[in-house]
Structure formats: C-alpha cells, structure tokens
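# Remarks on the overall topology
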Amino acid sequence: MKYKDYYAILGVKRDASADDIRKAYRKLAQKYHPDVSKDPQGEEKFKEVAEAYQTLKDPEKRQAYDALGTAHASGEQFRPPPGWGERYGEPPNEGQFSFDDVDLSDLFESLSRGQRGQRGGARAKRAVRGEDFEVAVRLTLEQAFHGTQLDLRVALPEYDDKGALHAVEKTIKARIPKGATDGQRLRLRGQGGKGFNGGAAGDLYLDISLAPHAIFRASGHDLYLDLALAPWEAALGATVEIPTLAGAVNLKVPAGTAAGARLRLGGRGLPRPEGTPGDLYAVAQIVNPTVLTERERELYRELAQASRFEPRGHLAKGSA
Amino acid sequence: MNTGTEAAFWMDTRTRLTLGEIAESCGISESVVQELVEYGALTPSGGRPSEWVFGAECVMSVRKAARLCNDLELETSAMALVVSFLERIHELEAQVRRLRSQAGGGF
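If you're wondering where the values come from, they're calculated on a predicted model, not measured in any experiment. (Residues numbered from 1 in each chain as written. Chains lettered and ligands numbered in written order. Predicted model: local features only at pLDDT ≥ 70, side-chain atom pairs only at ≥ 80, totals over all residues.)

### Considerations on the overall build of chain A
Across its full length, chain A carries 10 helices and 11 strands. Each of the 320 residues in chain A was classed as buried or not, and the buried ones make up 25%. At a minimum sequence separation of 6, the contacts of chain A that also span at least 24 residues come to 55%. (Helix = DSSP H or I, 4+ residues; strand = E, 2+ residues; numbered from the N terminus. Buried ≥ 20, exposed ≤ 12 C-beta atoms within 10 Å, placed from the backbone. Contact = placed C-beta atoms within 7 Å.)

Here you go:
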C-alpha cells in the first residue's frame, strides 16, 4: 500500500484545527473542482484533495490516519503498524486480505463502513439507483441535419462484486434524432452506472455541440453562410447557386443588394424535432476582383464619372 | 460491451417532469427541489407541489450545482444562486454562438 500525506495534500500542518482543514479543503476544492476548473489535471487533483479531506474531517478517521505514523514519505510502500487493524476496524475483504494491493483510501472507506455497521446494525440491503454520467458529444452539421447513430465510447466507473471501483469501457450505440443543435442535451435512460440491490441504472446525459463547418454556421436551428457577390451582381441582381445541407438551390439576389443584407431561404436550416425547420440566411458580401484587367479598369472609370451616387453623403451632412 | 441502440430524449422544454422525476433526474431530494423553488431558482408551472411541472432544460444546471454544493459543503440557498448563474451562463453562451454565426467573417 502506498502512503499518502493527506496533510501535505491539503497544505496544512499535522496539528491543524478542524476549521483550518475545512478552510484548506474548500479553497482547493474551489480551485480544482471539475465543474469549475479549467485545469486539465483538475479532476485528478480534486479527487486527491477530496480523499484527504474525507479522512481528516472525521475525528475518528483522522486519529486512525495519525496512528499510521509520520515516518513515511508520500508514495512510499508501507504497512500499517501491528495492531492497527484491530484497533481501528477491520480491513476490507477479510480472510485473503493483503495490504499490498489496496489503496489507502479503500482502507478508510472500509473503516467508515465498519463504523456504520457497528452503529446501524447489519448493513441494510437498500435499493440504490446507479449514478448518472455526462459526456460531451460533437456532431457535424450533416449528422445534426439527418440524425445519426453514434458509437459512444465511454469509460464509466463501476464497482465489481468485491466492491472495488474500476473504470469499465463501454460502447453505447446512441440514436441521435435529427434536429439536434449546439448546446442541447439528450438523455439516454438506463445507460449510466449500474444500480445496487435491485436499484435502477443511472442515466447517461449527452452534451451536444456542433463541429465548425466549412460553409455554414449554426445559430439555433438557423444556418448562415457568407454569400460573396461581385459589385455588378449586387447592383444589377443575379441568380446564384448556393449549397444547402439538402443539396444546391438557386437563390435570386435582388438588384441593389447591400453588403451585410441577409437573404432568407425559409425552411432550409436544421430540422426541428417538432415543427418547422429553421431557415438558411445568405449574408451578402461584396467582393472585388484582386486583379483588374485594363478593360475592367476602364469600365470602372467610366462608371465613376457617370455615377452621381454619394456613398458618404450622410457623413458630409453630419460635419456641416 | 455492446448494449444495443438507445433512443435519446431531449432535455429541453418539450420534456416535462414532475417533482419526483426532477428530483430523481438531478440526484437530489424532493425537499431540496422545493427549497430551490422557494428561492426562485426553479419556476414550475402548477400550484401545489403535487401539481408542479418542470421543463427538463434546467436538469443539467441543477445537477452541476448539486455536485458543487455537495463537494464544497454549501447550503441550498447557495445552490439556488449557482443554478441561476449556470442558467444565465447557458443563455449567454447560446447568445454568443448566435451572434458569432450571424456576424461571420471569422469573428
């Protein structure tokens, strides 16, 4: 069994008061809690800190931990001193038990099981519902549009028959109905942790996000795409072919289309599970050829002279 | 291990949950759900607790808040606050995504 210095993990002295221990734990827990921490190692660190706190916050467990002695370095292999087990409770898996293949936290977990047993009589065989888990799922726009079937590879913690915790790899086939969009959540009933003593299995929650797409941007169930137009197309109007998730369609660009104008194609967005699908918006962008031929330059010059258009007329009025 | 294909349920306003169902989904007791309603973090439709109906969109925020408050030993009033903030963050993130999509141009 490897020794862990719970005091060092929490950054407190061995004679720290219960209050100091609680404060140290809360500070570290806020820093590393997987629900708030951006640290990729946050979850590991939080588990370590929580394990240390679970033992040191309980006066009986803390006493038992202190009785292991102070002569060990963190990570060093050690065995509890003779008589420790009899004094502080029975080790787990009585009989063929060996201290070598057990984790320090299991030792204290078994201690609290022992305490509960003594106080509450025989351990009740109460049905316990399995734990729920959450996984992040990234879909392509095409998958969201058509609906898809995914093989989700998840590693869920499970207890074996001896009560030891293992990460069990599972492949769950999940049918994602069409109509998913960014930020939505789905629940797969009964695909979470196993229940105990006849309790129902927990659920698996899927946190959906959409992968960036080369052409479309999703906004809820609406889609946006940038529609590049030549100046004369924007000025004169044009019929242009644009892609949609269901294949290309023709879009009529009205004459006098300004940059930033949104041209709406109703019902060409992402489908909704119920009701009408979202829309597709083509956002007009006016682009110029990077290289002009002599003829093009000539025509532009001619246009510049013939036109009485004042694009900055409103600025001139403002300064007057 | 292959467990066959599972159909998924949307966790949004389309899925309606009773008091018992939302407590179970969030892994908290019914009395904690009632407290969250009293603090204004959850607003079910229906008059008495036995008639309450919740939209499932809040489940993820409540679950996260419950985990945090359990691990940080916070009271239910703090949990109510965390739920409200998480809901707000979720809304704002959706808004940012919307604006980004509409603005385009690598924004």
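Structure's up, so let's keep going.
### Focus: the confidence of the model for chain B
Residue and element names in this part refer to chain B. Overall, the prediction assigns chain B a mean pLDDT of 86, with 90% of residues at 70 or greater. The element-level mean pLDDT for chain B is lowest in strand E1 (residues 2-7), coming to 57, with helix H2 (residues 30-38) highest at 95. As a predicted assembly, this complex carries a pTM of 0.67 together with an ipTM value of 0.73. (pLDDT = per-residue confidence, 0-100.)

### Looking at the sheet that holds strand E2 (residues 9-10) of chain B
Strand order in the open sheet formed by four strands is E1(A)-E5(A)-E4(A)-E2(B), and the pairing between neighbours is mixed. Both edges of this open sheet fall to strand E1 (133-139) of chain A together with E2 of chain B, since each of them pairs with a single strand only. Taken together, the two bridges between strand E4 (residues 185-188) of chain A and E2 of chain B define a ladder with antiparallel strand orientation. The residue bridging Leu 186 of chain A from the neighbouring strand is Trp 10 of chain B, located in E2 of chain B. (Pairing = 2+ DSSP bridges.)

### Considering the nonpolar core
Membership of the largest hydrophobic core comes to 55 residues, with the highest contact counts inside it found for Leu 206 of chain A together with Val 59, Ala 65 and Val 83 of chain B. The leading source of residues in this core is helix H3 (residues 59-71) of chain B, at six residues. Two domains share this core, each providing at least three of its residues, namely domain 2 (133-210) and domain 3 (217-306) of chain A. In this structure Val 83 of chain B touches Leu 36, Ala 41, Ser 61, Val 62 and Ala 65 of chain B, once residues within four positions along its chain are discounted. In terms of nonpolar packing, the next biggest core, distinct from the first, is built from 18 residues, Tyr 6, Tyr 7, Leu 10 and Ala 24 of chain A among them. (Core = buried A, V, L, I, M, F, W, Y, C linked by C-beta atoms within 7 Å. Domains from an automatic or database assignment.)

### Overview of the interface of chain A and chain B
With 34 residues of chain A at the interface, the matching set in chain B holds 28 residues. Elements with a contribution of two residues or more to the side of chain A that touches chain B: helix H2 (18-32), strand E3 (165-176), E4, strand E5 (204-210), strand E6 (217-219) and strand E7 (222-229) of chain A. Ranked by residue count, the leading element in the side of chain A that touches chain B is E3 of chain A, at seven residues. A breakdown of the residues in the side of chain A that touches chain B according to their chemical character gives 14 nonpolar, nine polar and 11 charged. (Nonpolar A, V, L, I, M, F, W, Y, C, P; charged D, E, K, R; others polar.)

### Structural notes on the pairing of E5 of chain A
All names here are of chain A. Among the seven residues that make up E5, five are buried, leaving the element largely enclosed by the rest of the structure. Relative to E5, E1 is paired through seven bridges, and the arrangement is parallel. Along E5, the bridge assignment pairs Ala 136 with Asp 207.

### What to know about the packing of helix H1 (residues 19-26) of chain B against H3 of chain B
All names here are of chain B. At a minimum axis distance of 9 Å, the contact between H1 and H3 shows a crossing angle of 55°. Classified by the interaxial angle, the pair formed by H1 and H3 is oblique. Considering only the axes of H1 and H3, their crossing is right-handed. Judged by residue contacts, Ile 22, Ser 25 and Cys 26 of H1 engage Val 59, Val 62, Arg 63 and Ala 66 from H3. A per-class count over the contact of H1 with H3 returns five nonpolar, one polar and one charged. (Axes fitted to C-alpha atoms, helices over the stretch in contact; angles between N-to-C directions. Parallel < 35°, antiparallel > 145°, perpendicular 65-115°, else oblique. Left-handed = near helix turned anticlockwise from the far one by under 90°.)

### Overview of the environment of Arg 126 of chain A
All names here are of chain A. Assignment of secondary structure puts Arg 126 in the loop between helix H6 (104-120) and E1. On the neighbour-count criterion, Arg 126 (9 C-beta atoms within 10 Å) is exposed. Measuring from C-alpha to C-alpha, the distance between Arg 126 and Asn 197 comes to 6.4 Å, with 71 residues separating the pair along the chain.

### Observations regarding unusual backbone geometry
Unlike most non-glycine residues, Glu 73 of chain B shows phi in positive territory, near 55°. Examined against the element boundaries, Glu 73 of chain B turns out to sit in the loop between H3 and helix H4 (76-103).

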